[in-house]
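# Coordinate analysis (summary)
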Amino acid sequence: MESKAPILLEVKNLKKYFPIQKGFFRRVVGQVRAVDGVNFFVREGETLGLVGESGCGKTTTGRCILRAYEPTAGEVWFRKNGEMVNIFQVPHKDMKPFRREMQIIFQDPFSSLNPRMTVMDIVGEPLRIHGIAKGGELKATVRELLEAVGLKAQHMNRYPYAFSGGQRQRIGVARALALRPKLIVCDEPVSALDVSIQAQTLNLLEDLQAEFGLTYLFIAHDLSVVEHISDRVTVMYLGNVVELAAAEDLYTDPLHPYTEALLSAVPRTDPDHVPQRIILPGDVPSPAHPPPGCKFHPRCRYARDICESEAPLWRDLGHDHWVACHLADELDLIGIDYD
Ligand code: SF4
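Below you will find a few notes about this structure. Counting from 1, residues in each chain are numbered in the order their sequence is written. The predicted origin of the model limits local features to residues at a pLDDT of at least 70 and limits the giving and counting of side-chain atom pairs to 80 or more, whereas totals for whole chains, interfaces and linings rest on all residues. Side-chain measures were taken over the full set of non-hydrogen atoms in the model, leaving aside hydrogen atoms and water.

### Regarding the layout of surface pockets
The distinction between a cavity and a pocket rests on a 1 Å grid over the protein atoms alone: a 1.4 Å probe fits inside a cavity but cannot get out, while a pocket stays open yet meets protein on both sides within 12 Å along at least five of seven lines, and a residue with an atom within 4 Å of a point counts as lining. Grid points are joined across faces, edges and corners, and a volume is the space filled by probe spheres set on the points. One number sums up the size of the second largest pocket: a volume of about 450 Å³. Around the second largest pocket sit 19 residues that line it, and S224, V225, E227, H228 and R268 are the ones nearest its centre. Secondary structure elements are defined from DSSP: runs of H or I of at least 4 residues count as helices, runs of E of at least 2 residues count as strands, and each element is numbered from the N terminus. Those elements giving two or more residues to the lining of the second largest pocket turn out to be helix 6 (195-212) and helix 7 (223-226). Residue contributions to the lining of the second largest pocket peak at 6 residues, all from helix 6. For this classification, the nonpolar set comprises Ala, Val, Leu, Ile, Met, Phe, Trp, Tyr, Cys and Pro, the charged set comprises Asp, Glu, Lys and Arg, and every other residue, Gly included, is treated as polar. A class-by-class count of the residues in the lining of the second largest pocket yields 7 nonpolar, 6 polar and 6 charged.

### Some remarks on helix 9 (residues 257-264)
One full turn of an α-helix is made of 3.6 residues, so residues set three or four places apart face in the same direction. Per-residue accessibility, obtained with a 1.4 Å probe over protein chains only, is compared with the maximum for each type, and a residue is labelled buried under 20%, exposed over 50%, and partly exposed between these values. With 8 of its 8 residues buried, helix 9 lies for the most part within the structure. Residues P257, Y258, T259, E260, A261, L262, L263 and S264 constitute the buried set of helix 9.

### Looking at the site of the ligand
Lining the immediate surroundings of the ligand are H256, P257, C294, F296, H297, C300, A303, C307, C325, H326 and L327. More than half of the atoms of the ligand fall within 2 Å of the grid points belonging to the largest cavity. Broken down by class, the residue content of the shell around the ligand amounts to 8 nonpolar, 3 polar and no charged. Residues are counted as near a molecule or strand when any one of their heavy atoms sits within 4 Å of it. Being in a pocket or cavity means that more than half of the molecule's atoms lie within 2 Å of its grid points.

### What to know about the sheet that holds strand 3 (residues 47-51)
Strand pairing is assigned whenever DSSP identifies at least 2 bridges connecting the two strands. Spatially, the 8 strands line up as an open sheet ordered 6-7-8-3-9-10-12-11, and their pairing is mixed. In this open sheet, the two strands that pair with only one neighbour each are strand 6 (102-105) and strand 11 (315-316). Bridge count for strand 3 against strand 9 (residues 232-237) is 4 bridges, and the pairing is parallel. Looking at strand 9, one finds that V51 is bridged to V235.

Function cannot be inferred from these measures alone, as they are strictly geometric.
Next comes the structure, spelled out in structure tokens:
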């Protein structure tokens, strides 16, 4: 369903290059182009899925949005008090109100919680740092947060080791919710969990979104995880966004050959609609030495001469279905049933 809610977050031509240093004097001999010109926006209350293989730049994009990394170039605009603000122009000392509204849920619930802190301290920490609550009020708020994520008040005095992976991720979610943020960057929040727990965690995130009016940027490494939680989905390859569309359009009618390959790996239960798995040749090239032209061309089964020399433009082929492929108008790619 098309949303007309205001834009909460807009990423414009974002680039993040990491220097490659060598020798005693740490001379810079090259650049890893982790994020190489990324554009997208997220509307209030929406979930945008951000999908791609390891090393495609999706986590670095999330970190730049939260300003954990300073970008090499580009802009990140965030709606604050009704006005869009480029957060990279905000002095670091003035970032606190923005940080309060932009939180993260980490991938690994085992390493992201301090093992020496109780659940009370972990979930209450952001409230203390931002001077929002202390004493009895802090305790009452932590209790409410734990209940909101399906944990119990008596869990407050325990340490992370006493919990399962799924419960630890719930603690991480409670911590992210503590400041009542508008945006949560969910950085592969279910990929370290057992399959049986993944669906429960996704359902919890959906329920919390409805209850607290949250907006999610949901990072995942395959399209099956984000299928049901996303309103729109964008696919990244080697530092670039290659396709972006409403979830149903992207799954049923992909326009980029890389998306088609990712879709062919999504498990389906209907034996009449199982797409043939497309195995991409070779590995993802190094972001330190990306191929010229379309970066996907060495692995693309549709590549033509132009693909080796010219980078495709990022363009809208109608209905807000964006793609970067020279042949997007003429290829008839295979999607999957969207249910
Ligand atoms: Fe394949 Fe060419 Fe399209 Fe790149 S531009 S995805 S190489 S067809």
